[in-house]
Amino acid sequence: MSHKIHAGFLGTGSYLPEKILTNQDMEKIVETSDEWIVTRTGIRERHVAAPNQFTSDMAVEAAKVALADAKLKATDLDLIIVATITPDTPTPATACWVQSKLGAFQAAAFDLSAACSGFVYGLTVAKAFVESGTYKHILLIGAEKLTAFIDWKDRGTCVLFGDGAGATIIGPVDEGHHQILSSFMAANGNEADLLKIPGGGCRVPSSKESIEQSLHTLKMEGKEIFKTAVKVMSEATLEAAQRAGLKLEDFSLVIPHQANIRIIQAIGERLKLDPNKLFINLDKIGNTSAASVIIALDEAIKKGRVKKGDHLALVAFGAGTTLASCAVRW
């Protein structure tokens with residue numbers, strides 16, 4: 001009888017650019033105010049990558065920390081997955097740039113595009129690869145340079161997003177030790193217009209007109225996204241618990257995608273969660289899309305909010321619309 005392989009976290013790491021853009025700075029860029037931003041989003045500041053600093057650069061910095069935490073070398077990696085909607089280049093994949101910069105040339109590499117759900121989608125993919133025995137050490141990264149895709153004249157979106165990266169090594173673990181107990185993915189393409197970057201693909205190729213119309217920047221239907229996000233992220237959290245044979249009260253910490261404080265609070269109320277069980281760090285970094293959940297998880301670990309034996313729920317919702325959740329036993 002073959003030995004069952006369990007997939008889990010071998011190490012984590014994160015990286016945030018040095019430059020910080022506060023709400024007071026935003027007041028000088030667009031018609032807004034610190035009070036307006038904090039009241040509606042909970043965000044006070046966000047990090048901004050340097051002009052010559054790309055998604056792959058931030059991904060590599062986070063990866064180095066995760067590799068050190070896992071006590072592994074880049075040459076130990078079998079696969080690199082980068083979850084991002086802000087790639088260095090449309091092709092090749094950002095994962096290939098990361099592979100080159102790390103020197104992990106024996107690893108396969110590809111990008112995963114599921115917007116803000118990207119990292120949690122990636123956990124499901126990595127879990128399947130490890131538990132099937134296909135790969136042993138997978139570097140999974142969520143990384144975004146969203147400020148390169150922002151319309152700085154649109155106050156409804158430019159105040160929300162920031163840059164950053166988070167990484168983890170997924171590999172075989174002892175049962176119940178940093179183990180991914182369950183995972184769930186879903187999507188609803190009928191809502192794909194709610195959040196999108198219209199230009200840059202074959203539907204709207206780059207042109208003088210597309211640039212003049214700012215079609216290469218994020219466009220968002222905020223009210224509709226809010227209603228959908230609260231409902232489906234609540235349902236996804238329950239789904240992850242059920243698939244793991246857990247109850248909501250078994251979770252020591254729920255780490256949701258850091259999009260908006262109102263969304264997170266509404267999820268907590270809907271699920272009747274103790275507010276202290278919701279991990280929140282978007283006040284300091286804003287919405288970092290695919291990097292959001294892994295940056296938050298890494299911070300929670302570093303701050304001692306995650307202890308041995310704790311059950312965690314990771315949940316995210318993003319453009320597409322995509323949805324994903326995982327239950328983890330630390």
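The structure under discussion appears in the preceding block.
Residues numbered from 1 in each chain as written. Predicted model: local features only at pLDDT ≥ 70, side-chain atom pairs only at ≥ 80, totals over all residues. Heavy atoms only, no water.

**Q** I'd like a description of the overall build of the protein chain, backed by residues and values.
**A** The helix and strand inventory of the protein chain stands at 11 helices and 13 strands. Each principal axis of the C-alpha atoms in the protein chain carries an extent, and together these give about 65 × 45 × 35 Å. For the protein chain, the residues scored as buried account for 54% of the 330 residues in total. Excluding contacts between residues fewer than 6 apart, the proportion of contacts in the protein chain whose partners are at least 24 apart in sequence is 76%. (Helix = DSSP H or I, 4+ residues; strand = E, 2+ residues; numbered from the N terminus. Buried < 20%, exposed > 50% of the residue type's maximum accessible area, 1.4 Å probe, protein only. Contact = heavy atoms within 4.5 Å.)

**Q** For the packing of aromatic side chains, give the residues involved together with the corresponding values.
**A** Describing an aromatic ring pair means giving the distance of the ring centres and the angle of the ring planes. If you walk through the whole model with that rule in mind, you get two aromatic pairs. Plain terms: the ring middles of Phe 9 and Trp 330 are 5.5 Å apart, the flat faces sit at 45° to each other, and that makes the pair tilted. Taken together, the positions of Phe 9 in strand 1 (residues 6-15) and Trp 330 in the segment after strand 13 (322-329) put the pair 321 residues apart, joining distant regions of the chain. Trp 330 shares its class with Phe 9; the two are buried. (Phe/Tyr/Trp six-rings, centres within 6.5 Å; stacked < 30°, edge-to-face > 60°.)

**Q** Any chance you could break down the pairing of strand 1 for me, citing the residues and the numbers?
**A** On a regular strand, one side chain projects to one face of the sheet and the next to the other, so that they alternate. In terms of burial, strand 1 is a largely internal element, eight of the 10 residues being buried. Bridging between strand 1 and strand 7 (residues 164-173) involves nine bridges; their strand directions are antiparallel. Residue pairing across strands places Phe 9 opposite Ile 170, the latter belonging to strand 7. (Pairing = 2+ DSSP bridges.)

**Q** Describe the nonpolar core, and please don't skip the residues or the numbers.
**A** Grouped together as the largest cluster of nonpolar side chains are 43 residues, with contacts concentrated most on Met 26, Met 233, Phe 251, Val 254, Phe 317 and Leu 323. Mapped by element, the contributors of at least two residues to this core are helix 8 (222-243), strand 11 (251-256), helix 9 (261-271), strand 12 (311-318) and strand 13. For this core, the element with the most residues is helix 8, which contributes eight residues. Apart from residues no more than four positions distant in its own chain, Met 26 is found in contact with Leu 21, Thr 32, Ile 37, Arg 46, Trp 152, Cys 158 and Val 159. Phe 9, Leu 123, Val 306 and Ala 316 belong to the second-largest nonpolar core, a separate cluster that totals 32 residues. (Core = buried A, V, L, I, M, F, W, Y, C linked by side-chain atoms within 4.5 Å.)

These values are about where atoms sit, not about what they do.
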